[in-house]
Amino acid sequence: MAEGTIGVIGAGTALGKAILVPVPGHGFLALPSEGGHALFPFVSPREIAFQDFYREKSGLAHITGNLVVSGRGLHYLQWFLTGEDLTPREVTTRFAEGQKPETLAWAARFYGRVCRDYALEVLARGGLYIAGGVAARNPEILTHADFRHEFLNSPTMGHILAKIPVFLIDD
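Residues numbered from 1 in each chain as written. Predicted model: local features only at pLDDT ≥ 70, side-chain atom pairs only at ≥ 80, totals over all residues. Heavy atoms only, no water.

> So what's going on with the layout of surface pockets? Which residues, and what values?
Within this model, the largest pocket holds a volume of roughly 220 Å³. Lining the largest pocket are G12, T13, G71, R72, L74, P88, R89, T92, G133, V134, R137 and N138. Among the secondary structure elements, those contributing two or more residues to the lining of the largest pocket are helix 3 (71-82), helix 4 (88-96) and helix 6 (133-137). When its residues are assigned to classes, the lining of the largest pocket shows three nonpolar, six polar and three charged. (1 Å grid on protein atoms, 1.4 Å probe; cavity = no way out; pocket = protein on both sides within 12 Å on 5 of 7 lines; lining within 4 Å. Points joined across faces, edges and corners; volume = space filled by probe spheres on them. Helix = DSSP H or I, 4+ residues; strand = E, 2+ residues; numbered from the N terminus. Nonpolar A, V, L, I, M, F, W, Y, C, P; charged D, E, K, R; others polar.)

Printed below as a string of structure tokens:
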């Protein structure tokens, strides 16, 4: 049995989150979450420009994790960075072909950020399991250096994050 709380997170059409808490002698207690509806933390001027672009193009006032790391987020990210208004599938096809490295880097950084924040929120010492179609179909998001860099990017908790194993559920 895991030695701590397990975080489960996954993006597809939205961003789902759940927590597995070990209960000695009984397995795990699964706790649901609607954390994907929390506002996404944009941190740099260029990221804030993306947020403004997303608001303008979508008509939405609140840009949440659901909207940023999901397939819909890939669509808006590609549009913002390149001017190309592509479907999520077209964007990810370009990832697989090695095209649009800036879009992939941003997607990896944003996914790393939501994973980092969630791992800290639930103190996922038992691991963080990444599910959902975005990562399963595009593992290059998780293997990209920007994902790991952003996941560990915490001046106060980087040492804790470095000990949290991260797993991809690709089935």
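> Which residues make up empty space enclosed by the protein, and what values go with them?
If you roll a probe as big as a water molecule over the atoms, it shows you where there is empty space left. Within the structure shown, the criterion is met by one cavity of 30 Å³ or more. Here the largest cavity defines a volume of roughly 40 Å³. Secondary structure elements with two or more residues in the lining of the largest cavity: helix 2 (65-69), helix 3 and helix 5 (101-122).

> Pulling in residues and values, what's your account of the nonpolar core?
Core analysis: the biggest nonpolar cluster contains 44 residues, and F50, F110, Y111 and I141 have the highest contact counts within it. Filtering out sequence-adjacent residues up to four positions away, F110 remains in contact with F40, F42, E47, F50, V68, V69 and L77. (Core = buried A, V, L, I, M, F, W, Y, C linked by side-chain atoms within 4.5 Å. Buried < 20%, exposed > 50% of the residue type's maximum accessible area, 1.4 Å probe, protein only. Contact = heavy atoms within 4.5 Å.)

> Describe the pairing of strand 1 (residues 6-11), naming the residues involved and giving the relevant values.
Of all the six residues making up strand 1, five are buried; the element is thus mostly covered by neighbouring parts of the structure. Where strand 1 lies against strand 2 (residues 15-23), six bridges are found, and the strand directions are antiparallel. Paired with G7 across the strands is I19, a residue of strand 2. The antiparallel hairpin formed by strand 1 and strand 2 contains three residues in its connecting segment. In the sheet, strand 1 pairs with strand 4 (residues 127-131) via five bridges, with the strands oriented parallel. Paired with G7 across the two strands is L128, which belongs to strand 4. (Pairing = 2+ DSSP bridges.)

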